[in-house]
Structure formats: structure tokens, C-alpha cells
Amino acid sequence: MIKKFMDGYFKGVVESLNEVCHEKVKKVSDILHDAYQHKRYVFIMGNGGSASTASHFACDLGKTTITDGKPRFRVISLNDNVPLMTALSNDFGYDKVFIEQLINLVNPGDIVICITGSGNSPNVLEAIRYAKGCGAVTIGLLGFGGGKLKDVVHEHITISNRNYGQIEDVHLILCHAITQYFKEKIANSE
């Protein structure tokens, strides 16, 4: 019973990985590289398991890419200040938890990344719309075929899978691949 379940689960992850458009990954990587070169900030957000992935991605971009004598990524996960998130949620509502942080922080040319399984989270949609209005470049790592965010972000990597666990697995793999790509690219740059 467990083998059949695991085989099916792994098959879903592999099918989703095969669905990833490499050209989209290149576009996202190019945007992040430009942010790195111009010392722009990268803000990352998500809810639930995607919040964990957002924190993990920010940690990896900020730490794993460190190379002696080279600039560092300026990256912040909007999920990591729990007291601020609960204060904003209490006073303004959970739909405002990300936008209120961006109002304090985002500047034109910064990058705002959302990670979401459904692509329909109201707090993420509101924050992405605000970021775009401020001149930030917006990126989505999306599941469920992209949801509403697919048509809002500048660039996205979208899979059609509707299993949250498998979507989150693929998103984390993408974050690791992009981070390791940058570590190598930064180490080999002059």
C-alpha cells in the first residue's frame, strides 16, 4: 500500500518538474542576477508551507551565495518577523500583512517574489499589485495553473499540479536550483 502511494506521489513531483519551463527559469534567474548586480532588494513571501519556502529561499540566497570579495544578495523574507506579522494582522487584517511591510520597504527596481500553491491568496495578490504600482519587478512561483497571480506578476514559473505537497516540493527544488546556479555564477564572475 505505501509503495503504491509513494510511487504515485513521486510520479506527481516528477511530472511537475518536467512541466517546468526552462526559459521561464532563465528569465527569473536573469531578473535576480540584475537585482544582485544593482544591489536591489529581493522580498519573498508566501502563506503556510509556501511561507516556509519563502524563508528558506531568502536564507539560501542570502547565505549560500556568499563568495569572498563579491557583493551579497540583499534579500528579506516577509514571513520572518512574527511579531510584526501578528501586529499587522491584528490591527489591519491578514489581507494586509504583506502590503503593509512593502509600504515601508519596497522601491522601484526591487524584486518581489510570491510563492503560492493556488495563486489566489488575497494578501499576496494585494501585495503584488502594490509592488507593481511602485515599480518593483514581480515574480511568482505558482501551482494550480497559476491562479489569479499568473496574470498579475511580471514573470512566473507555473505548474498545473493541484497537490499542495507536490507543488511545494517543486518550488523548493526550484529555489535550490536557482540558488546553486547563482553561487556558481558569482564564484566564476570577475
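Our subject is the structure that appears above.
Since the structure is predicted, the reported quantities are computational estimates derived from the model, not experimental observations.

Parameters and conventions
- Once a new chain begins, its residue numbering starts again from 1 and follows that chain's sequence as written.
- pLDDT decides what is reported in this predicted model: residues at 70 or higher carry local features, side-chain atom pairs at 80 or more are listed and counted, and totals for whole chains, interfaces and linings draw on all residues regardless.
- The side-chain quantities take in all heavy atoms of the structure and omit both hydrogens and water.
- Pairing of aromatic rings covers Phe, Tyr and Trp, the last through its six-membered ring, and needs centres within 6.5 Å; plane angles under 30 degrees mean stacked, over 60 mean edge-to-face, and all others mean tilted.
- What counts as a disulfide here is a pair of cysteine sulfur atoms lying within 2.5 Å.
- As used here, the term nonpolar core means buried Ala, Val, Leu, Ile, Met, Phe, Trp, Tyr and Cys residues forming a set that is joined through side-chain atoms within 4.5 Å.
- Each residue gets one of three labels from its accessible area relative to the maximum for its type: buried under 20%, exposed over 50%, partly exposed in between, using a 1.4 Å probe on protein chains only.
- Secondary structure follows DSSP: runs of H or I at least 4 residues long count as helices, runs of E at least 2 residues long count as strands, and numbering of each begins at the N terminus.
- Two residues form a contact once any of their heavy atoms are found within 4.5 Å.
- Should DSSP find at least two bridges between two strands, the strands are regarded as paired.
- Helix axes are fitted only over the stretch in contact, all axes being lines through C-alpha atoms; the angle between N-to-C directions runs from 0 to 180 degrees.
- Roughly parallel here means an angle under 35 degrees, roughly antiparallel means over 145, roughly perpendicular means 65 to 115, and every remaining angle is called oblique.
- Crossing chirality is assigned from the near helix's rotation relative to the far helix, an anticlockwise turn below a right angle marking it left-handed and a clockwise turn marking it right-handed.
- Side-chain classes follow a simple rule in which Ala, Val, Leu, Ile, Met, Phe, Trp, Tyr, Cys and Pro form the nonpolar group, Asp, Glu, Lys and Arg form the charged group, and the remainder, Gly included, forms the polar group.

**Student:** An account of the packing of aromatic side chains is needed here, citing residue identities and associated values.
**Tutor:** As enumerated under the stated definition, the model contains 7 aromatic pairs in all. Both rings, one in tyrosine 41 and one in phenylalanine 43, keep their centres 6.0 Å apart while their planes meet at 20 degrees; by these two values the pair is stacked. Clustering of aromatic rings is evident, with ring pairs tying together Tyr36, Phe73, Tyr181 and Phe182.

**Student:** An account of the state of the cysteines is requested, with residue identities and associated values reported.
**Tutor:** Enumeration according to the criterion identifies 0 disulfides in this entry. We note that cysteine 59 lacks a disulfide partner, and the nearest cysteine sulfur, in cysteine 175, lies 12 Å from it. With no disulfide partner, cysteine 175 has as its closest neighbouring cysteine sulfur the one in cysteine 114, 12 Å distant.

**Student:** Any chance you could break down the nonpolar core for me, citing the residues and the numbers?
**Tutor:** Side chains of a nonpolar character, in soluble globular proteins, are inclined to be buried together. Leu32, Val42, Ile44, Phe57, Phe73, Ile111 and Ile113 are the most contacted members of the largest nonpolar core, which totals 30 residues. Top element by residues in this core is helix H7 (residues 164-187). It accounts for 7 residues. Setting aside anything within four residues of it in sequence, one finds valine 42 in contact with Leu32, Ala35, Phe73, Arg74, Val75, Ile76, Ile111 and Ile113. Counting 22 residues, the second-largest nonpolar core is a separate cluster that includes Phe43, Leu142, Val152 and Val153.

**Student:** Explain the sheet that holds strand S3 (residues 111-116) to me, using residue names and the numbers behind them.
**Tutor:** Hydrogen bonding along the main chain pairs the strands of a sheet, whether they run parallel or antiparallel. Strand order in the open sheet formed by 5 strands is S2-S1-S3-S4-S5, and the pairing between neighbours is parallel. Since the sheet does not close on itself, it has two edges, and those belong to strand S2 (74-77) and strand S5 (155-158), each with one partner. Averaged over all adjacent pairs, the angle separating strand axes in this sheet is 15 degrees, with direction ignored. Relative to S5, strand S4 (residues 137-142) runs parallel, the two being bridged by 4 bridges. Looking at the pairing, glycine 140 lines up with histidine 156 of S5. The strands touched by helix H2 (residues 22-37) are strand S1 (41-46), S3, S4 and S5; relative to S5, the strand with the most contacts, the crossing angle is about 135 degrees.

**Student:** Go over the packing of helix H1 (residues 2-19) against H7, please, and point to the residues and values.
**Tutor:** The geometry of H1 relative to H7 is characterised by a closest axis approach of 9 Å and an angle of 50 degrees between their N-to-C directions. The orientation of H1 relative to H7 falls into the category oblique. For the element pair H1 and H7, the recorded crossing hand is right-handed. Mapping the contact onto sequence places Gly8, Tyr9, Gly12, Val13, Ser16 and Leu17 in H1 and Gly165, Gln166, Asp169, Val170 and Ile173 in H7. Looking at the contact of H1 with H7 residue by residue, the class counts come to 5 nonpolar, 5 polar and 1 charged.

**Student:** With reference to specific residues and values, describe the packing of helix H3 (residues 49-64) against H7.
**Tutor:** Their axes nearest at 10 Å, the elements H3 and H7 cross at an angle of 10 degrees. Here H3 lies roughly parallel to H7, going by the angle between them. Between H3, through Gly49, Ser50, Thr53, His56, Phe57, Asp60, Leu61 and Thr64, and H7, the contact on the second element is made entirely by Glu168, His171, Leu172, Cys175, His176, Ile178, Thr179, Phe182 and Lys183. Its residues assigned to classes, the contact of H3 with H7 shows 6 nonpolar, 8 polar and 3 charged.

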